[in-house]
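Spelled out from the first residue to the last, the chains are:
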Amino acid sequence: MSAIPDDYVNYKSTQEMTPDNVPKMFLHLHNTRAGVYGKICVISGQLKFYGFADRRGEVEQEIIIQAGDFAVSPPEYWHKVEFLTENTRFRVDFYAQKDSDIVMQNRSERNE
C-alpha cells in the first residue's frame with residue numbers, strides 16, 4: 001500500500017458515507033486524480049478496497065479496512081470499494097503537494 005509523501009497536505013474530505021448515501025462512482029472502477037492521494041478512512045464496520053493494475057486489468061490487491069484503519073490510493077490508481085457490513089461508515093481525505101495548484105485552488109474556493 002502506498003504512503004502519502006510528507007510534503008502533501010489534506011486539502012479536502014468527503015462527507016461521511018454509508019451504504020445509503022455513497023455516490024455510486026465509489027462502488028465502481030474509478031481512479032484518483034493526477035497528483036492526488038486518497039486516504040480511505042473507515043469509521044465503523046468494514047470496507048473492502050480493490051486495486052487494479054490498469055483500467056481493464058485484473059485485481060492486483062484486495063484490502064479489508066477495519067474500523068479505525070485506512071488504506072491509501074495513489075495518484076491515477078484504478079480502484080473501487082465494497083461495503084462488507086451494513087453499519088460501515090467511511091470518508092475519503094484527499095492529499096496533494098502543499099504548494100500545488102490543486103491545494104491553492106481549494107484554498108481559494110474555501111475563502112470565497
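Shown above is the structure to which this text applies.
Summarised in this report is the structure supplied together with it. The model shown is predicted, which means the values in this text are computed figures rather than measured ones.

1. Quick notes on the nonpolar core
Here is step 1 of the chain: With 20 residues, the main nonpolar core has Y11, I40, L47, F90 and V92 as its most contacted residues.
Here is step 2 of the chain: Elements that contribute at least two residues to this core include exactly β3 (36-44), β4 (46-52), β7 (78-83), β8 (89-97) and α1 (101-111).
Here is step 3 of the chain: Sorting elements by how many residues they give to this core places β8 first, with four residues.
Here is step 4 of the chain: Dropping the residues within four chain positions of it, I40 is found in contact with L47, F49, I65, D69, F70, A71, S73, F90, R91 and V92.

2. Looking at the sheet that holds strand β2 (residues 30-31)
Here is step 1 of the chain: Here four strands make up an open sheet; going across it, the order is β2-β7-β4-β5 and the pairing antiparallel. Each edge of the sheet is formed by a strand with only one pairing partner; in this case those strands are β2 and β5 (59-66).

3. Here's the deal with unusual backbone geometry
Here is step 1 of the chain: With phi around 60°, E76 is a residue other than glycine that occupies positive phi space.
Here is step 2 of the chain: Mapped onto the elements of the fold, E76 is located in the loop between β6 (70-73) and β7.
Here is step 3 of the chain: Residue class for E76 comes out exposed when judged on its relative accessible area of 51%.

4. Structural notes on the sheet that holds β3
Here is step 1 of the chain: Taking strand neighbours across the sheet as the criterion, the four strands line up as β1-β8-β3-β6 in an open arrangement whose pairing is antiparallel. Edge positions in the sheet fall to β1 (8-13) and β6, since each has one partner strand and no second. Ignoring which end each strand starts from, the neighbouring axes of this sheet average 30° apart.
Here is step 2 of the chain: Here eight bridges tie β3 to β8, and the two strands are oriented antiparallel to one another. Bridge assignment links V36 to a residue of β8, and that residue is A96.

5. A short note on the packing of aromatic side chains
Here is step 1 of the chain: The final tally for this structure, using the stated rule, is four aromatic pairs.
Here is step 2 of the chain: With centroids separated by 6.2 Å and ring planes inclined at 80°, the aromatic side chains of F26 and F90 adopt a geometry described as edge-to-face. Of this pair, F26 sits in the loop between β1 and β2 while F90 sits in strand β8, and the two are 64 residues apart along the sequence. Take F26 and F90: they sit in the same class, and that class is buried.
Here is step 3 of the chain: Between F49 and Y77 the ring centres are 6.4 Å apart and the planes differ by 15°, which places this aromatic pair in the stacked class. Note that F49 is positioned in strand β4 and Y77 in the loop between β6 and β7, a separation of 28 residues in sequence.
Here is step 4 of the chain: Taking the relative accessible area as the measure of exposure, Y77 reaches 11% and is therefore buried.

The rules behind these values
- Residue positions are given per chain, counted from 1 along the sequence in the order it is written.
- Owing to the predicted nature of the model, reporting of local features is limited to residues with pLDDT of at least 70; listing and counting of side-chain atom pairs is limited to 80 or more, with chain, interface and lining totals taken over all residues.
- As a rule here, side-chain values come from all non-hydrogen atoms in the structure, and water together with hydrogens is ignored.
- Here, nonpolar core means buried Ala, Val, Leu, Ile, Met, Phe, Trp, Tyr and Cys residues that are tied together by side-chain atoms lying within 4.5 Å of each other.
- The buried label goes to any residue with under 20% of its type's maximum accessible area, the exposed label to any with over 50%, and the partly exposed label to all in between, with areas taken from a 1.4 Å probe on protein chains only.
- Numbering of helices and strands runs from the N terminus; a helix is a DSSP stretch of H or I covering at least four residues, while a strand is a stretch of E covering at least two.
- Contacts are assigned to residue pairs that have any heavy atoms within 4.5 Å of one another.
- Pairing between strands is defined by DSSP: at least two bridges between them are needed.
- Orientation is described by axes fitted as lines to C-alpha atoms, over the contacting stretch for helices, and by angles from 0 to 180 degrees between their N-to-C directions.
- Here the aromatic set is Phe, Tyr and Trp, taking the six-membered ring for Trp, and pairing holds for ring centres within 6.5 Å; pairs whose planes are under 30 degrees apart are stacked, those over 60 apart are edge-to-face, and all others are tilted.

Limitation: the analysis is restricted to geometry and does not speak to function.
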